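Secondary and tertiary structure notes
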Amino acid sequence: EDQVTQSPEALRLQEGESSSLNCSYTVSGLRGLFWYRQDPGKGPEFLFTLYSAGEEKEKERLKATLTKKESFLHITAPKPEDSATYLCAVQPQKGSASKIIFGSGTRLSIRP
Amino acid sequence: DAGVTQSPTHLIKTRGQQVTLRCSPKSGHDTVSWYQQALGQGPQFIFQYYEEEERQRGNFPDRFSGHQFPNYSSELNVNALLLGDSALYLCASTSRGALPYNEQFFGPGTRLTVL
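Now for a description of the structure that goes with this document. Bear in mind the structure is a predicted one, so any value in this text is a computation, not a measurement.

Let's shift gears to the nonpolar core. One finds Tyr-25, Leu-33, Trp-35, Leu-73, Tyr-86 and Val-90 of chain A to be the most contacted residues of the largest nonpolar core, which totals 25 residues. Within the residue set of this core, elements represented by two or more residues are strand S2 (10-14), strand S3 (19-26), strand S4 (30-38), strand S5 (45-50), strand S7 (62-66), strand S8 (70-75), strand S9 (84-92) and strand S11 (106-111) of chain A. Take this core: its biggest share by element is four residues, from S9 of chain A. Once you skip the residues sitting within four places of it in the chain, Leu-73 of chain A turns out to touch Ser-19, Ser-20, Leu-21, Trp-35, Phe-48, Leu-62, Lys-63, Ala-64 and Tyr-86 of chain A. Counting 19 residues, the second largest nonpolar core, distinct from the first, contains Ile-46, Tyr-49, Val-78 and Tyr-89 of chain B.

Encoded structure:
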């Protein structure tokens, strides 16, 4: 069964303290892996798409990497405005391209 | 360029009632997916509409149904509401031409509370 597991569930950091969020996945072939940011009561905001192992993408203080079994979202010198829930999702190769499977997310809190 | 819009923002219903949620996709998008997000969980795929037909469905009962109109907007209908249907309902849109790596853009969601 296709599955996405994110860890940790919650992470509290001091401003400027770098860290990484983990997304491990089990799918029958990977069409794409997505990272989203979600603020409370809002819809997810698209951040990155990764397609193959070894790929990396960056945006401001965020960098996403991908291996054959997991993806990491690295946050460098975070600021309080980076506080949000970060969601990882995968699109399996098999079956319709319409189905995307989400993890439960990591709630990130950055203290000033 | 307007993004994905949803209405209403919030909705309160009682058990057994029926509800209709609405979504307008991002300009240029023709495919709409609906997700249910319970508190503290990731979104769960309900179904997707393209060319006014349901193309793919997740593990949701027939109480959940939908419709897509010629202008690509969509409705989600839920009949015989249960307490467990309380959630944030998200609409996401994409362009079929962007397949196979379709990046979906989400609306702000409709918060449904069932009492």
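Once that is clear, we can look at the state of the cysteines. All names here are of chain A. On inspection of all chains with the given rule, the structure shows two disulfides over all chains. Put simply, Cys-23 and Cys-88 are joined by a disulfide, and their sulfur atoms are 2.0 Å apart. Its S-S torsion of approximately -60° makes the covalent link between Cys-23 and Cys-88 left-handed. Placement of the pair is Cys-23 in strand S3 and Cys-88 in strand S9, with a sequence separation of 65 residues.

All names here are of chain A. The antiparallel open sheet is built from five strands, whose spatial order is S1-S3-S8-S7-S6. Strand pairing shows two members of the sheet lacking a second neighbour, strand S1 (3-7) and strand S6 (56-59), which therefore form its edges. This sheet shows a mean twist of 15° between the axes of neighbouring strands, independent of strand direction. Where S6 meets S7, four bridges bridge the pair, whose relative direction is antiparallel. Paired with Lys-57 across the two strands is Ala-64, which belongs to S7.

All names here are of chain B. As for its placement among the helices and strands, Thr-110 is situated in strand S11 (residues 110-114). Here Thr-110 falls in the buried class, since its relative accessible area comes to 0%. Not counting chain neighbours up to four residues away, the residues in contact with Thr-110 comprise Gln-6, Ser-7, Pro-8, Thr-9, Leu-21, Ala-87, Leu-88 and Tyr-89.

Reading the values: rules and limits
Residues numbered from 1 in each chain as written. Chains lettered and ligands numbered in written order. Predicted model: local features only at pLDDT ≥ 70, side-chain atom pairs only at ≥ 80, totals over all residues. Heavy atoms only, no water. Core = buried A, V, L, I, M, F, W, Y, C linked by side-chain atoms within 4.5 Å. Buried < 20%, exposed > 50% of the residue type's maximum accessible area, 1.4 Å probe, protein only. Helix = DSSP H or I, 4+ residues; strand = E, 2+ residues; numbered from the N terminus. Contact = heavy atoms within 4.5 Å. Disulfide = S-S within 2.5 Å. Pairing = 2+ DSSP bridges. Axes fitted to C-alpha atoms, helices over the stretch in contact; angles between N-to-C directions.

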